[in-house]
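Examination of the molecular architecture
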Amino acid sequence: MHTEQDFEQILAEWERSIHYHIRKLHIIDAEGDFYAEGLFALWQAHRTYNPEAGEFSTYAHWKIRNALIDQIRRENTRQDRENRFVEEIIHGEGFIWEDELVDTYLWEQVKKLLTANQWKWVCHRIIHSRSVAETARMEGVTQDAVKNWGRHARNKLKHYRHLL
């Protein structure tokens, strides 16, 4: 049975190793989360170590390093989820562009003349000044498709400019 006193002695000897792995993996640990993860990994190594399987030092280094790498992966996954959420909020279906229009009557008349995709082109390219590449990425289509929407929208609006 491992005692608390045994672990305190292990910690005194291994604390530098935790910091070593943090530096080696180029981790910036301002909040100390990674240190805590390394400390927990050392404690698990102390609890689960089997002397017949090999040296404690090899096992402890392996546990600490892998725990830190797992924490990096969790942090990256969390950050990716947050970024996707923000993208969905800003650019998702629920975001209403028409609320930002100044002359709503004019834009309603333009919208009536165009197809849905042509209107998307007008919103992205004219109203919000987005690039073709950005528009294509946001709409999930190719850049050629966006250019095609624009070509057809411009031609249609030329024919109806007397109504606008």
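Now for a look at the structure at hand. Residue indices begin from 1 for each chain and proceed along its sequence in written order. This being a predicted model, a pLDDT of at least 70 is required before a residue's local features are given, and a value of 80 or more before pairs of side-chain atoms are given or counted; all residues contribute to the totals for chains, interfaces and linings. Only hydrogens and water are set aside; all other atoms, that is, all heavy atoms of the structure, feed into the side-chain values.

So, the overall build of the protein
As a reminder of what qualifies: Segments assigned H or I by DSSP are reported as helices when at least four residues long, segments assigned E as strands when at least two residues long, and all are numbered from the N terminus. Think of it in three bands: residues with accessible area under 20% of the maximum for their type are buried, residues over 50% are exposed, and the middle band is partly exposed, with areas taken using a 1.4 Å probe on protein chains only. Computed with the Shrake-Rupley method and a 1.4 Å probe, the accessible areas treat only the protein chains shown as cover for residues.
For the protein, the helix and strand inventory stands at seven helices and zero strands. Its helices and strands in sequence order give the protein the pattern α-α-α-α-α-α-α, from N to C terminus. A burial count over the protein gives 28% of its 164 residues as buried. When the accessible surface of the protein is summed, it comes to about 11600 Å², and 51% of that surface belongs to carbon and sulfur atoms.

Looking at the packing of helix H4 (residues 104–113) against helix H5 (residues 116–127)
The packing of two helices is summarised by the inter-axis angle and the distance between the axes. Selection rule: Lines fitted to C-alpha atoms define the axes here, with helix axes fitted over just the stretch in contact, and angles between the N-to-C directions of these axes take values from 0 to 180 degrees. Throughout this description, any angle smaller than 35 degrees is read as roughly parallel, any larger than 145 degrees as roughly antiparallel, any in the 65 to 115 degree range as roughly perpendicular, and the remainder as oblique. Residue contacts follow a heavy-atom distance rule, with two residues in contact if any of their heavy atoms lie within 4.5 Å. For this classification, the nonpolar set comprises Ala, Val, Leu, Ile, Met, Phe, Trp, Tyr, Cys and Pro, the charged set comprises Asp, Glu, Lys and Arg, and every other residue, Gly included, is treated as polar.
Closest axis-to-axis distance for the H4/H5 pair is 9 Å, and the angle between their directions is 140°. It follows that H4 is oblique to H5 by the angle criterion. The residues of H5 that touch H4, namely those facing Trp107, Val110 and Lys111, are Trp119, Val122, Ile126 and Ile127. For the contact of H4 with H5, the per-class residue count stands at six nonpolar, no polar and one charged.

Some words on the pattern of salt bridges
Note the cut-off: Between Lys or Arg on one side and Asp or Glu on the other, a salt bridge is scored when a side-chain nitrogen of the former is within 4 Å of a carboxyl oxygen of the latter.
Counting across every chain of the model gives five salt bridges. As a salt-bridge pair, Glu37 and Arg74 come within 3.4 Å of each other at their nearest N and O atoms. Within this pair, whereas Glu37 is found in helix H2 (residues 33–48), its partner Arg74 is found in helix H3 (residues 56–91), the two being separated by 37 residues in sequence. Of the residues examined, Arg74 reaches a relative accessible area of 43% and is grouped as partly exposed. Residues participating in the shared-partner salt-bridge network are Glu75, Arg78 and Glu82.

Brief notes about the layout of surface pockets
Let me state the cut-off plainly: The way it works is a 1 Å grid over only the protein atoms, where trapped points that fit a 1.4 Å probe form a cavity and open points with protein on both sides within 12 Å along at least five of seven lines form a pocket, and then any residue with an atom within 4 Å of a point lines it. Grid points are joined across faces, edges and corners, and a volume is the space filled by probe spheres set on the points.
The volume enclosed by the second largest pocket comes to roughly 150 Å³. If you trace the second largest pocket, you find it lined by Ile28, Asp29, Glu31, Asp33, Phe34, Ile72, Glu75, Asn76, Arg78 and Gln79. Secondary-structure elements contributing two or more residues to the lining of the second largest pocket are H2 and H3. In the lining of the second largest pocket, the residues fall into three nonpolar, two polar and five charged.

What about H5?
All buried positions along H5 are accounted for by Gln118, Trp119, Trp121, Val122, Cys123 and His124. The inward-facing, buried residues of H5 abut H4, helix H6 (132–139) and helix H7 (143–159).

Comments concerning the nonpolar core
Looking at soluble globular proteins, one finds that nonpolar side chains tend to be buried together. What counts, and what does not: Working definition of a nonpolar core: buried Ala, Val, Leu, Ile, Met, Phe, Trp, Tyr and Cys residues. They are joined through side-chain atoms within 4.5 Å.
Ranked by size, the top nonpolar core spans 16 residues in total, and within it Trp14, Ile22, Leu42, Phe56 and Ile64 carry the most contacts. Setting aside chain neighbours within four positions, we find Leu42 in contact with Phe7, Ile10, Leu11, Trp14, Ile18, Phe56, Ala60 and Ile64. Counting 13 residues, the second-largest nonpolar core is a separate cluster that includes Val110, Val122, Cys123 and Ala153.

A look at unusual backbone geometry
Despite not being glycine, His26 shows a phi value in the positive range, around 55°. Looking at where His26 falls in the secondary structure, it is placed in the loop between helix H1 (4–24) and H2. Exposure remark for His26: the relative accessible area of 73% places this residue in the exposed category. The backbone of Ser129 shows a phi angle near 55°, a positive value even though the residue is not glycine. Under the relative-accessibility criterion, Ser129 is labelled exposed at 62%.

Section: the packing of H6 against H7
The interhelical angle for the contact between H6 and H7, taken along N-to-C directions, is 105°, at an axis separation of 8 Å. What the angle tells us is that H6 and H7 run roughly perpendicular. Contacts between H6 and H7 involve Val132, Ala133, Thr135, Ala136 and Glu139 on the former and, on the latter, Gln143, Val146, Lys147 and Trp149.

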